[in-house]
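# A structural walkthrough
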Amino acid sequence: MRTHHTNVVEFAQTVSCTKKFRHDYPIPEPIKKLLLIDIYHDFTGFVLSQYLSEAKSFIDEFLSFHPTQSYKKFLLEQNLFWWYVLYQNSMNDEMNVIDQYVLENKMKYRKKQIIPAWLNEWGKAVPKFYLMRNKHEQQKYLLEDILNRKEVEVSLNNENFYFHEGAFVAGTLIPIGNSVYFPVVDFYHFTYETSVEILTHILFYYKNYYDTTTSAYQLFLHLFSAALQIENQIIEKNIEKA
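Keep in mind that this is a model prediction, so the values were computed, not measured.

A separate point is the pattern of salt bridges. For side chains bearing opposite charge, pairing can occur when the charged atoms are close. Counting across every chain of the model gives nine salt bridges. In this structure, the salt-bridge partner of Arg 22 is Asp 24, at a minimum N-O distance of 3.3 Å. By relative accessible area, Arg 22 is classed as partly exposed at 32%. Where Lys 72 meets Glu 231, a salt bridge forms, and the shortest distance between an N and an O atom there is 2.7 Å.

Here you go:
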């Protein structure tokens, strides 16, 4: 069981003094709400306005080769958008979308150093595959990274989503302090009956792609593409048998 140092006041991150966001240090609840509600909505709105039209061709092309169930299409589009944005962000050393947002709000956030420090962590986020291990608190899950087998605690704010133990998902996690993370948008979740076979193939493909792919984003998209194709094939076979 992970131990959180919520009572260690000297290690708590503050609005004005935090210049480097620490994943393992706690943050006071008012600051957490500021980041997760006000800054999240303002920043994601800014990113949408900057990148939506640019990302559309990538999303449309990907969807044309990877049809998915209608009820999961919006989830797929949302995740594809953020994977595109974060990949482009990682490739731009001079002025990426995070730098641009922080610069445009420099005066507004000049006394709130924790905001640019937190947003900088978005630029380090990489999409991954996870297995749901268990739900140990209300809307909090323990997830396992399928590639490095490390566990991470994740808070889900969407009460409409409930994941059973063993659910297989893909998404991008952002830190919110105290070694807790949240997905930048809701996870793309694979259907239960396809999860075991997809997982087996992903681990096999990972060994083949790892040495030939330099970008973590490109490696993930190779694996995610394969996962969607396998999911779709299994679903089609099951429909034919029905």
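Here the focus is the packing of aromatic side chains. One pass over the full model with this rule turns up 29 aromatic pairs. Relative to Tyr 217, the ring of Tyr 87 has its centre 5.8 Å away and its plane inclined at 65°; by these criteria the two rings are edge-to-face. Of the two residues, Tyr 87 is situated in helix H2 (residues 70-91) and Tyr 217 in helix H6 (residues 216-241); the sequence distance between them amounts to 130 residues. You can call Tyr 217 buried: its relative accessible area is 8%. Linked through ring pairs, Tyr 51, Phe 58, Phe 62, Trp 83, Tyr 84, Phe 129, Phe 168, Tyr 188, Phe 190, Phe 220 and Phe 224 together constitute an aromatic cluster. Positioned above the aromatic ring of Tyr 25 is the side chain of Arg 22, whose terminal nitrogen or guanidinium carbon lies 4.3 Å from the ring centre.

This paragraph deals with the side chain of Lys 72. Following the sequence through the fold, Lys 72 ends up in helix H2. Its relative accessible area of 0% is what places Lys 72 among the buried residues. If we ignore the near neighbours within four places in the chain, the residues touching Lys 72 are Tyr 188, His 189, Phe 190, Thr 191 and Glu 231.

The subject of this paragraph is the confidence of the model for the chain. Averaged over every residue, the pLDDT of the chain is 87; residues scoring 70 or more account for 90%. Highest mean pLDDT in the chain belongs to strand S5 (residues 173-175) (97); lowest belongs to strand S1 (residues 128-137) (84). Below pLDDT 50 for its whole length, residues 1-10 participates in 13 contacts with residues either more than four positions away or in separate chains.

This part takes up the nonpolar core. Soluble globular proteins tend to pack their nonpolar side chains together in the buried interior. In terms of nonpolar packing, the biggest core is built from 60 residues, with Trp 118, Trp 122, Phe 129, Phe 190 and Phe 224 touching the most fellow members. Considering every element that reaches this core, the biggest residue donor is helix H1 (residues 29-65), with 13 residues. Excluding its chain neighbours within four sequence positions, the residues that come into contact with Phe 224 are Phe 62, Leu 76, Trp 83, Phe 129, Ala 170, Tyr 188 and Phe 190. Among the nonpolar cores identified, the runner-up in size contains 13 residues, and Val 154, Leu 156, Val 169 and Tyr 181 belong to it.

Before going further, it helps to spend a moment on helix H4 (residues 114-122). The buried fraction of H4 is high, at eight of nine residues. Those residues of H4 that sit buried are Ile 114, Ile 115, Pro 116, Ala 117, Trp 118, Leu 119, Glu 121 and Trp 122. Close packing links the buried residues of H4 with H1, H2, helix H3 (97-104), S5 and strand S6 (180-183).

This part covers helix H5 (residues 192-209). Under the 1.5 Å per step criterion, the end-to-end length of H5 is 25 Å for 18 residues, consistent within 8% with the ideal 26 Å. Remark: the principal bend of H5, roughly 25°, maps to Ile 198. Regarding H5, the residues found buried are Thr 194, Ser 195, Ile 198, Leu 199 and Ile 202.

Next up on the list: the pairing of S6. In S6, alternate side chains face the same way, and those of Val 180 and Phe 182 on one face and Tyr 181 and Pro 183 on the other are all buried. Where strand S3 (residues 151-155) lies against S6, two bridges are found, and the strand directions are parallel. Within S6, the residue paired with Glu 153 across the bridge is Val 180. Pairing of S5 with S6 involves three bridges; the strand directions are antiparallel. What sits directly across from Pro 175, in S6, is Tyr 181. If you look at the hairpin formed by S5 and S6, you'll find four residues sitting between the two strands, and Gly 177 has a positive phi there, around 90°.

Quick notes on the rules
- Residues numbered from 1 in each chain as written.
- Predicted model: local features only at pLDDT ≥ 70, side-chain atom pairs only at ≥ 80, totals over all residues.
- Heavy atoms only, no water.
- Salt bridge = Lys/Arg side-chain N within 4 Å of Asp/Glu carboxyl O.
- Buried < 20%, exposed > 50% of the residue type's maximum accessible area, 1.4 Å probe, protein only.
- Phe/Tyr/Trp six-rings, centres within 6.5 Å; stacked < 30°, edge-to-face > 60°.
- Helix = DSSP H or I, 4+ residues; strand = E, 2+ residues; numbered from the N terminus.
- Lys NZ or Arg CZ within 6 Å of the ring centre and 35° of its normal.
- Contact = heavy atoms within 4.5 Å.
- pLDDT = per-residue confidence, 0-100.
- Core = buried A, V, L, I, M, F, W, Y, C linked by side-chain atoms within 4.5 Å.
- Expected span 1.5 Å × (residues − 1).
- Bend = angle between axes of the 7 residues up to and from the residue.
- Pairing = 2+ DSSP bridges.

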